[in-house]
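Below, each chain spelled out in residue letters.
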Amino acid sequence: MASSTALICETAAWNDLKGHVEDIKKTHLRDLMSDANRCQQMMLEFDGLLLDYSRQCATVETMNKLLNLAKAAKLTEKISRMYNGEHINSTENRSVLHVALRAPKDAVIKTDGKNVVPEVWSVLDKIKEFSEKIRSGSWVGATGKPLKDVIAVGIGGSFLGPLFVHTTLQTDPEAVECAKGRQLRFLANIDPVDVARNVNGLNPETTLVVVVSKTFTTAETMLNARTLREWITTSLGAPAVAKHMVAVSTNLALVEKFGIDPNNAFAFWDWVGGRYSVCSAVGVLPLSLQYGFSVVEKFLKGASSIDQHFQSTPFEKNIPVLLGLLSVWNVSFLGYSARAILPYSQALEKFAPHIQQVSMESNGKGVSIDGLPLPFETGEIDFGEPGTNGQHSFYQLIHQGRVIPCDFIGTVKSQQPVYLKGEVVNNHDELMSNFFAQPDALAYGKTPEQLQRENVSENLIPHKTFSGNRPSLSLLLPELSAYNVGQLLAIYEHRVAVQGFVWGINSFDQWGVELGKVLATQVRKQLHSSRTQGTALEGFNFSTTTLLKRYLEVIMS
Ligand code: F6P
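Residues numbered from 1 in each chain as written. Predicted model: local features only at pLDDT ≥ 70, side-chain atom pairs only at ≥ 80, totals over all residues. Heavy atoms only, no water.

Here we come to the packing of helix 5 (residues 75-83) against helix 21 (residues 482-503). Remark: helix 5 packs on helix 21, axes separated minimally by 10 Å, with the N-to-C direction vectors making an angle of 125°. Our classification of the angle between helix 5 and helix 21 gives oblique. For the crossing formed where helix 5 meets helix 21, the hand is right-handed. Seen from helix 5, the contacting residues are L75, K78, I79, M82 and Y83; seen from helix 21, they are H494, V498 and F501. Looking at the contact of helix 5 with helix 21 residue by residue, the class counts come to six nonpolar, one polar and one charged. (Axes fitted to C-alpha atoms, helices over the stretch in contact; angles between N-to-C directions. Helix = DSSP H or I, 4+ residues; strand = E, 2+ residues; numbered from the N terminus. Parallel < 35°, antiparallel > 145°, perpendicular 65-115°, else oblique. Left-handed = near helix turned anticlockwise from the far one by under 90°. Contact = heavy atoms within 4.5 Å. Nonpolar A, V, L, I, M, F, W, Y, C, P; charged D, E, K, R; others polar.)

Spatial ordering of the open sheet is given by 6-5-7-8-9, a layout of five strands whose pairing is parallel. Edge positions in the sheet fall to strand 6 (183-187) and strand 9 (265-267), since each has one partner strand and no second. Taken over all neighbouring pairs, the strand axes of this sheet differ in orientation by 20° on average, direction set aside. By the bridge criterion, five bridges tie strand 5 (residues 149-153) to strand 7 (residues 207-212) in an arrangement that is parallel. Residue D149 lies in a different strand from strand 7, and its bridge partner there is T207. (Pairing = 2+ DSSP bridges.)

Within a regular strand, the side chains alternate between the two sheet faces. Direction of pairing for strand 1 (residues 43-46) relative to strand 2 (residues 49-52): antiparallel, over a ladder of four bridges. Bridged to E45 within strand 2 is L50. Connecting strand 1 to the next strand, strand 2, in antiparallel fashion are two residues, including D47 with a positive phi near 45°. The pairing of strand 2 with strand 13 (residues 472-477) spans three bridges and is classified as antiparallel. If you follow D52 over to strand 13, its bridge partner there is S474.

What follows deals with the site of the ligand. For the ligand, the set of nearby residues contains 13 residues, the closest of which are S158, S213, T215, T218 and E361. Within the side chain of T215, an N or O atom sits 2.6 Å from an oxygen atom of the ligand. One of the side-chain N or O atoms of Q357 is found 3.2 Å from an oxygen atom in the ligand. Coverage of the ligand by the protein chains reaches 85% of its 390 Å² of free accessible surface. Tallied by class, the residues present in the shell around the ligand amount to two nonpolar, eight polar and three charged. (Near = heavy atom within 4 Å. Polar contact = N/O pair within 3.5 Å; in protein donor to acceptor, adjacent residues only side chain to side chain. Areas by Shrake-Rupley, 256 points an atom, 1.4 Å probe, with all protein chains shown as cover.)

The subject of this paragraph is a nonpolar patch on the surface. Taken together, the side chains of L515, V518 and L519 define a hydrophobic patch exposed on the protein surface, amounting to about 300 Å² of accessible area. Secondary-structure assignment places L515 in helix 22 (residues 514-533). (Patch = residues over 30% accessible without salt bridge, like charges linked within 9 Å, V, L, I, M, F, W, Y side chains within 5 Å. Salt bridge = Lys/Arg side-chain N within 4 Å of Asp/Glu carboxyl O.)

Next comes the structure, spelled out in structure tokens:
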């Protein structure tokens, strides 16, 4: 039996899977897919969702071995510890309770002996009230005009999740109706070009700025917030900040120091990781301002449905658990280090960028949760684009180059159906034809024999051959309502956690982002003193000195 500090790769279950790789290498998806019984066992339905993972390079035996790995990793206990509010983020001594952000009002979720659900709902109620005031025009700007436009300033977890949900709701008929006459924009990059793009066409008199930062110290966000404060005060005077700027943060003292009235601040808590914060005020405030609280509440309910499923469903029927285990299988055993997220939905165009942070910031680690160096790699390289755009871009590599497990995500109904007279199918059918076809193209491929039968000339046969046996999974949603968006988000959040729990790492810290920030501080100081006092460059290596010299020469000339 493994000790508490033993690595998962030292367990019998891990070694069993290592040995099993050879068995799987002898199979081909072309054959595995002809076993209807196997395929049936690799499909499951929950709350309107249909997951088909029959195109994974795995058999029922593989799944059983992965479930043994889950046992060896003490997955049940780890999930319970998360829901029980234990400080599982040990390097930051914090609990991990994003599930509490979408829990029903009467739920009890405790950490440090305290039920956090009432606090969550008091912030949600405050958002509801505030957003209704803004949307109804009962809260007006400094010159008496209603605030119809919102710029949310934030980066990383304080940006990507809300942007993803906003982009998805932008074409949902119910949300469209609720957002009439309003705009929501996001300012993330410290590049002044992003500021210019954000304020372009907006009037400070009718704009509300929401500064979103868990720490309220992030350099990019704070400079962008000061830049927008300047934009407001230059045209409306300093007192306008009280009417035109609000904040979302865990650090209410710094919010006040910045000059934002603490009454206009919306709190969240250190038990919410930045990349897991879209269901806190981080996402709920900007989205409620744009779409109204009732739409956003549906999104929270969708996420909560998956939270309950994840907590209580046996692993063999548990969507995030199965997906997490399959990702571990692909990365750690089959050696596939990337994962493509391919929504057949333009509305999900910002889903992959959000999951990139959720997954890569969580699981890109080099040591175990106990600090032991890992002899195996964790995390995967996540990327993606909506189908069918991706097909005309990088799918060549996926079909004939490297093997990259793909997540195909599609919807039964379109948010914006179009059916032209005389067309064979409607536009959504056309899109979804590709969603259904691509996984089989990857799985089956095309053999030289097939090409010969088609009289393809000999010299082209190698070029037109598709090896196949490339794994994918298909997730079919009924539609893309706010509720479904919440489900999708929670599935991926929990899947990433499952992977981290199995690998035995801390998926909830992010020390790897710190070093670059520290070095940038050194450069910032140098740029300031060189600009203001002409101080010579000092303390940088040859390469950086040369680059900085060129930068300063051009600027100062
Ligand atoms: O880039 C690192 C990071 O700390 C992320 O984890 C976080 O989402 C982002 O910066 C923004 O942080 P904050 O919300 O504190 O401004």
